[in-house]
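Summary of the model geometry
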Amino acid sequence: MNSSEIKQRIEKAVNDAKAKKPLAPSITNTVTVNLVANAQLAVGGSAAMVYLPDEGECVAQIGGAVYLNMGTLFPIYEETIPRTAKKLSELKKNWVLDPVGLGIGSLRTKLILGLKDNPPTIIRGNASEIIAVAKLWNVSEFENSNGPVGVDSVDSVESAEKAARALAKFIHGAVAVSGKEDLVTDGTTTVFSKGGSAYLEQITGAGCSLGGVCAVYAAVSDPFTAALTATQIYNFAGQQAEKKCRGSGSFQVCFLDELNNATAQDVAENPFTIKEE
Amino acid sequence: MNSSEIKQRIEKAVNDAKAKKPLAPSITNTVTVNLVANAQLAVGGSAAMVYLPDEGECVAQIGGAVYLNMGTLFPIYEETIPRTAKKLSELKKNWVLDPVGLGIGSLRTKLILGLKDNPPTIIRGNASEIIAVAKLWNVSEFENSNGPVGVDSVDSVESAEKAARALAKFIHGAVAVSGKEDLVTDGTTTVFSKGGSAYLEQITGAGCSLGGVCAVYAAVSDPFTAALTATQIYNFAGQQAEKKCRGSGSFQVCFLDELNNATAQDVAENPFTIKEE
Amino acid sequence: MNSSEIKQRIEKAVNDAKAKKPLAPSITNTVTVNLVANAQLAVGGSAAMVYLPDEGECVAQIGGAVYLNMGTLFPIYEETIPRTAKKLSELKKNWVLDPVGLGIGSLRTKLILGLKDNPPTIIRGNASEIIAVAKLWNVSEFENSNGPVGVDSVDSVESAEKAARALAKFIHGAVAVSGKEDLVTDGTTTVFSKGGSAYLEQITGAGCSLGGVCAVYAAVSDPFTAALTATQIYNFAGQQAEKKCRGSGSFQVCFLDELNNATAQDVAENPFTIKEE
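Residues numbered from 1 in each chain as written. Chains lettered and ligands numbered in written order. Predicted model: local features only at pLDDT ≥ 70, side-chain atom pairs only at ≥ 80, totals over all residues. Heavy atoms only, no water.

1. Description of the overall build of chain A
Worth spelling out the cut-off: Helix numbering and strand numbering both begin at the N terminus, where a helix is a DSSP run of H or I of at least 4 residues and a strand a DSSP run of E of at least 2. Radius of gyration here uses only the C-alpha atoms, and the compact-globule reference equals 2.2 Å multiplied by the residue count raised to the power 0.38. The rule is simple: take the accessible area with a 1.4 Å probe, protein chains only, and divide by the maximum for that residue type; under 20% is buried, over 50% is exposed, in between is partly exposed. The criterion used for residue contact is that any of the two residues' heavy atoms lie within 4.5 Å. Only the protein chains shown count as cover for residues, with accessible areas throughout obtained via the Shrake-Rupley method and a probe of 1.4 Å.
Along its length, chain A carries 11 helices and 8 strands. For chain A, the C-alpha radius of gyration of 17 Å lies close to 19 Å, the compact-globule estimate for 277 residues. In terms of overall dimensions, chain A has a C-alpha envelope of 40 × 40 × 35 Å along the principal axes. Evaluated residue by residue, chain A yields a buried proportion of 67% over its 277 residues. In chain A, the proportion of contacts linking residues at least 24 apart, taken out of those at least 6 apart, comes to 72%. Counting every atom, chain A has about 9,000 Å² of accessible surface; 49% of that belongs to carbon and sulfur.

2. Looking at the packing of helix α4 (residues 77-91) of chain B against helix α5 (residues 107-114) of chain B
Residue and element names in this part refer to chain B. Worth spelling out the cut-off: Lines fitted to C-alpha atoms define the axes, with helix axes restricted to the stretch in contact, and inter-axis angles between N-to-C directions lie between 0 and 180 degrees. Here roughly perpendicular refers to angles of 65 to 115 degrees, roughly parallel to angles under 35, roughly antiparallel to angles over 145, and oblique to all remaining angles. Each helix crossing is assigned a hand: it is left-handed if the near helix lies turned anticlockwise from the far helix by less than a right angle, otherwise right-handed if that turn is clockwise. As a working rule, the residues Ala, Val, Leu, Ile, Met, Phe, Trp, Tyr, Cys and Pro are called nonpolar, Asp, Glu, Lys and Arg charged, and the rest polar, with Gly in that last group.
Across the interface, α4 lies against α5 with an axial gap of 10 Å and an inter-helix angle of 20°. Here α4 lies roughly parallel to α5, going by the angle between them. The interaxial crossing formed by α4 with α5 has right-handed handedness. The segment α4 lies against α5, with Y77, E78, I81 and P82 engaging L107, K110 and L111. Of the residues in the contact of α4 with α5, the class split is 5 nonpolar, no polar and 2 charged.

3. With respect to the sheet that holds strand β8 (residues 272-276) of chain B
All names here are of chain B. As a reminder of what qualifies: Pairs of strands are assigned from DSSP output, requiring at least two bridges between the strands.
Here we have 8 strands laid out as an open sheet, ordered β1-β2-β3-β4-β5-β6-β7-β8, and mixed in their pairing. Looking at which strands have only one partner, the edges of the open sheet turn out to be β1 (26-27) and β8. Looking at chain direction, strand β4 (residues 122-126) and strand β5 (residues 174-178) are connected through 5 bridges and run parallel. Looking at the pairing, I122 lines up with A174 of β5. Helix α8 (residues 206-218) contacts β2 (66-69), β3 (95-98), β4 and β5 of the sheet and is inclined by roughly 155° relative to β2. With respect to the sheet, helix α9 (residues 223-244) is in contact with β4, β5, β6 (182-185), β7 (189-193) and β8, its orientation differing from that of β6 by roughly 165°.

4. Considerations on the confidence of the model for chain A
Low pLDDT means the predicted atomic positions in that stretch should not be read closely. Stated formally: The score called pLDDT rates the predictor's confidence residue by residue, from a low of 0 to a high of 100.
When the pLDDT values of chain A are averaged, the result is 95; 96% of them are 70 or greater. Two summary scores accompany this predicted model of the complex, namely pTM at 0.97 and ipTM at 0.96.

5. Considerations on the relation of the copies chain B and chain A
The test is simple: When the copies are superposed, the least-squares fit takes in the C-alpha atoms of residues with a pLDDT of at least 70 in both.
Between chain B and chain A, which share one sequence, the superposing operator has a rotation angle of 120° and an axial displacement of 0.0 Å; the RMSD is 0.0 Å. Those values place the two copies in the arrangement expected of a three-fold rotation axis. Taking C-alpha positions as the reference, the residue of chain B nearest the rotation axis is B:T30, at 3.6 Å. A share of only 10% of interface residues in chain B that are also interface residues in chain A marks the association as one of differing surfaces.

6. Points about the packing of aromatic side chains
What describes a pair of aromatic rings is the distance from one ring centre to the other and the angle between the planes of the rings. Our working rule: Pairing of aromatic rings covers Phe, Tyr and the six-membered ring of Trp, with a centre-to-centre limit of 6.5 Å; geometry is then stacked below 30 degrees between planes, edge-to-face above 60, and tilted otherwise.
Enumeration over the complete set of coordinates arrives at 27 aromatic pairs over all chains. Between A:F74 and C:Y51, the aromatic rings sit 5.0 Å apart at their centres with planes inclined by 10°, giving stacked as the arrangement. Linking A:F74 in the loop between β2 (66-69) and α4 (77-90) with C:Y51 in the loop between α2 (33-42) and α3 (53-62), this pair reaches from one chain into another. On the basis of relative accessible area, C:Y51 is assigned to the buried category, the value being 1%. Taken together, A:Y51, A:F74, A:Y77, B:Y51, B:F74, B:Y77, C:Y51, C:F74 and C:Y77 form an aromatic cluster joined through their ring pairs.

7. Some remarks on the sheet that holds strand β1 (residues 26-27) of chain A
Residue and element names in this part refer to chain A. If you trace the 8 strands from one edge of the open sheet to the other, you get β1-β2-β3-β4-β5-β6-β7-β8, paired in mixed fashion. One side of each edge strand has no neighbouring strand; the edge strands of this open sheet are β1 and β8 (272-276). Its contacts with the sheet put helix α8 (residues 206-218) on β2, β3 (95-98), β4 (122-126) and β5 (174-178), and the angle it makes with β2 is roughly 155°.

8. Some thoughts on the UniProt feature "binding site: substrate" (unreviewed entry) in chain A
Our working rule: UniProt positions are given in the numbering used here, feature names are shortened, and annotations may be inferred rather than shown by experiment.
Within this numbering scheme, the UniProt entry marks A:M49 and A:G205 as carrying the feature "binding site: substrate" (unreviewed entry). Examined against the element boundaries, A:M49 turns out to sit in the loop between α2 (33-42) and α3 (53-62). A relative accessible area of 7% places A:M49 in the buried class. Beyond its immediate chain neighbours, meaning those up to four positions away, A:M49 contacts A:S26, A:T28, A:V33, A:V36, A:A37, A:Q40, B:V31, B:G71 and B:T72. Relative to the helices and strands, A:G205 is located in the loop between β7 (189-193) and α8.

9. Thoughts on empty space enclosed by the protein
What counts is decided by this rule: Grid points spaced at 1 Å over the protein atoms alone were grouped into cavities, where a 1.4 Å probe fits but cannot get out, and pockets, open sets with protein on both sides within 12 Å along at least five of seven lines, with lining residues defined by an atom within 4 Å of a point. Grid points are joined across faces, edges and corners, and a volume is the space filled by probe spheres set on the points.
If you walk through the whole model with that rule in mind, you get 2 cavities of 30 Å³ or more. Put simply, the largest cavity is a space of about 500 Å³. Around the largest cavity, the lining comprises 30 residues; the ones closest to its centre are A:N34, A:Q252, B:N34, B:Q252 and C:Q252. When its volume is computed, the second largest cavity comes out at roughly 60 Å³. For the second largest cavity, the full set of lining residues is A:T30, A:V31, A:V33, A:N34, B:T30, B:V31, B:V33, B:N34, C:T30, C:V31, C:V33 and C:N34. Those elements that place two or more of their residues in the lining of the second largest cavity are α2 of chain A, α2 (33-42) of chain B together with α2 of chain C. Here the lining of the second largest cavity is built from residues that sort into 6 nonpolar, 6 polar and no charged.

10. Remarks on the relation of the copies chain B and chain C
When chain B is fitted to chain C, the best match, at an RMSD of 0.0 Å, comes from turning it 120° and sliding it 0.0 Å along the axis. Of the residues that chain B buries at the interface, just 11% are likewise interface residues in chain C, meaning the two copies contact each other through different surfaces.

11. Considering the packing of α2(C) against helix α10 (residues 248-261) of chain C
Residues and elements named next belong to chain C. As a packed pair, α2 and α10 sit with axes 8 Å apart at the nearest point and diverge in direction by 30°. By the angle between their axes, α2 is roughly parallel relative to α10. Contacts from L35, N38, A39 and A42 of α2 reach α10 at Q252, L256, L259 and N260. Here the residues of the contact of α2 with α10 are counted per class, giving 5 nonpolar, 3 polar and no charged.

12. Remarks on α2(B)
Buried residues dominate α2(B), accounting for 10 of its 10 residues. Within α2(B), burial applies to B:V33, B:N34, B:L35, B:V36, B:A37, B:N38, B:A39, B:Q40, B:L41 and B:A42. Buried residues belonging to α2(B) abut β1, β2, α8, α9 and α10 (248-261) of chain B together with α10 of chain C. Looking at the residues trailing α2(B), positive phi occurs at B:G44, about 110°.

13. Things to note about the pattern of salt bridges
Convention followed: Within this document, salt bridges are pairs made up of a side-chain nitrogen of Lys or Arg and a carboxyl oxygen of Asp or Glu, the two lying within 4 Å of each other.
Taken as a whole and assessed by the stated rule, the structure comprises 51 salt bridges over all chains. C:R9 is the salt-bridge partner of C:E5, the closest N and O atoms lying 3.4 Å from each other. Note that C:E5 and C:R9 are positioned in helix α1 (residues 3-20) at a spacing of 4 residues, about one turn of the helix. For C:R124, the salt bridge goes to C:D98, with nearest N and O atoms at 3.0 Å. Placement of C:R124 in strand β4 (residues 122-126) and of C:D98 in strand β3 (residues 95-98) is noted, with a sequence separation of 26 residues between them. Side by side, C:R124 and C:D98 carry an identical accessibility label, which is buried. Connected through shared salt-bridge partners, A:E161, A:R165, A:K169, A:K275 and A:E277 make up one network.

14. Some details on the UniProt feature "binding site: ATP" (unreviewed entry) in chain A
Residue and element names in this part refer to chain A. As a reminder, the rule being used: Identification of polar contacts relies on pairs of N or O atoms within 3.5 Å, with a donor-acceptor requirement for protein atoms, meaning one able to donate a hydrogen and the other able to accept it, and with residues adjacent in sequence counted only if both atoms are side-chain atoms.
The sites that UniProt annotates as "binding site: ATP" (unreviewed entry) are R124 and S178. The greatest C-alpha distance among the annotated residues, which extend across 55 residues, is 7.6 Å, indicating that they converge on a single site. Apart from residues no more than four positions distant in its own chain, R124 is found in contact with V96, L97, D98, P99, I130, A176, S178, G207, C208, L210 and G211. Once residues within four sequence positions are removed from consideration, S178 is found in contact with R124, G125, N126, A127, V157 and L210. Looking at S178, its side chain comes within polar contact range of the side chain of R124, at 2.6 Å.

15. Re the pairing of β4(C)
Residue and element names in this part refer to chain C. Threshold: For the handedness criterion, the strands are oriented away from the viewer, and a crossover whose path from the first strand over the helix to the second runs clockwise is classed as right-handed.
The element β4 is extensively covered by neighbouring structure, given that 5 of its 5 residues are classed as buried. Where burial is concerned, the two faces of β4 agree: the one with I122, R124 and N126 and the one with I123 and G125 are both buried. Where β3 lies against β4, 2 bridges are found, and the strand directions are parallel. Bridging from a neighbouring strand, V96 pairs with I122 of β4. As for the winding sense of the linkage, the β-α-β connection from β3 through helix α5 (residues 107-114) to β4 is right-handed.

16. Remarks on the interface of chain B and chain A
The extent of an interface is frequently quoted as the accessible surface area lost upon association of the parts. Convention followed: Buried area, as used here, totals the accessible surface that two parts lose on assembly, with accessibility defined by a 1.4 Å probe and the loss added over both.
Facing the 29 residues of chain B at the interface are 28 residues of chain A. In this assembly, chain B packs against chain A so that about 2,200 Å² is buried in total across both faces, 57% of it on carbon and sulfur atoms. Connecting chain B to chain A are 1 salt bridge. Among the salt bridges present, the one from A:E55 reaches B:R108, with a minimum N-O distance of 3.1 Å.

Structure (structure tokens):
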């Protein structure tokens, strides 16, 4: 894919989300669930959040694409996550996995291990999380990593590139790695997206809501385009919001405004570089 | 009721909420719970949210009125919702039902069916939800509806008018239907409230927080006045906030400011029309 | 301790939190969890929220200090809270207890009673909550109190001073009482911190997020300094934010900006008085 083709795909995804208002339901953590929904609505999508097993199956059915985020687990997730993932696989729907907090407690590891059989079409995480999933699923050689510590990454985006490409090939989808420069890959084509803001690390839920926005775009495009479009609109909106805010509180407000107002061209023209394997 | 009488009731409800700071506890979804509480505080009320059965019974006792919202169900709700509703009926307290997401999974339907025996005094929802509750409780003839899809309405407010009136008579209370123009009815008098903003659909929780604010006013007035006062302050604040914001992010901030600053006269004078059966 | 020594400790805590970005995980309520995390990030800390028992033990291990808030209980808390507290005691980690809503339902009382054996190093609450914990643990003579009503205090800060000092001695830590003037005590030295804003009572989560920020500072300092530094930054930021906002919505945004931008000197120089027993 060349730059011009990628830009066309991004523009189409941004415009289609605004025109079709696709429903992109989530099973996601309680900390950032409000920002996930508001970010999804800001880019034109529709949100619905659930916790129960048959509700997960139901939203898999009615949603254009689904977002699963492991941030805060409830006991019922032991049933909800596998059943929802199975239903999504059967329906061949796009869905986004956000393996937040992998390493905290035993249920996360168990659930994510189980998802290897009904994998997502997009995985979004920080470098440490992406490396951890690649190891857990045994899809790439051992990578040097200290593992996730809490919910923050201790690895650089570059160090996760191999794991990301291997995971993308394994799921026949796309992987997005958040960091100073964000990486999106389908296993062959890898794009590095620039921009963003240091404030994105000073608010909670920048990553989670990016995952939710990936799901909105995945309801109207292929996984790679969806993950890239979401990453690009975040980098564009983050950079604009930083210019207008007075601290981390107003940054979040400005950021939602910028997501809401960004045009397809703004998103497509946000700087990126392409690297083919 | 004539226009002047209605305005007097609204002014009294707005002023009483500010003077008495009534506690209006909620059992509500995790997505918008923060906005519900902040909206309740903005209009002068006090908030407290719980999930457990005996806690539901306890807040039914100590609250002036209660808000139950079905947005995100936990397994424990199978006990919490019926026990809380039963206690509220025994205590003859006003309470608001928000049947969000009816149609997703089986527990919502089961819980709302069960509430027919201990009904709320106010039901607030979008047109599709109101029609769905009326059907489920078998209180009105079949209405043409495609049913709720996720959490958004696929029906117009007008198409839900008959169901709303029938429900209001059945519960001996009031029903509020959100849409382009909002409808509030006690079964006999139906008021259409104007104003609001398209941004209210671009933020999550406009409807939920309206339900929470209904409960604040229901702690200091009758159900019809409470539902109408809440609807009027939302339409006033929405219209004002739209003039001052720069997108969906700043809209929510401005909206809370306007809720916080609206005077009793602002709310009473927001345009509405009256239709007697 | 004299005023100059106290100011030096405060400055060091503010600067250390910014430099070390300590992880201060929480088990906290769903209403205000987002604000807790954003406030922790705003002052330089890192946040991670969990609900499950083994996850509580895990974050006790990896966190610099932990925040436990009883606002919205889930059934699993019957296991999670005692196991997390036990692990924190074994590890001799600082942790903050926020006994929100004590008196609502039976589980809160049972859990807080059980914490007497593995007590926190900081307790933060309003006057009614602090008096209620002191009674429950039988650490001070009977104080005149109407008990907590919902989540709001019905007692003055002054009326909780004796209970606060007794509790602080019992836990060999610090107690912070929020009110018009805030009190922080280690049982011997009691500081009254001035400033703040009436708007802090018109947004949800001012108290909860203060508890979360206590935990951030408790990861880099002793309990008394941590509780006092958090209280001082809240009073400074509240006063500044009030000057810049236009209502309760923009107050919260401005308040986070002020937390984010406050310097160590701003926080240390916020007015306070000292009272030695």
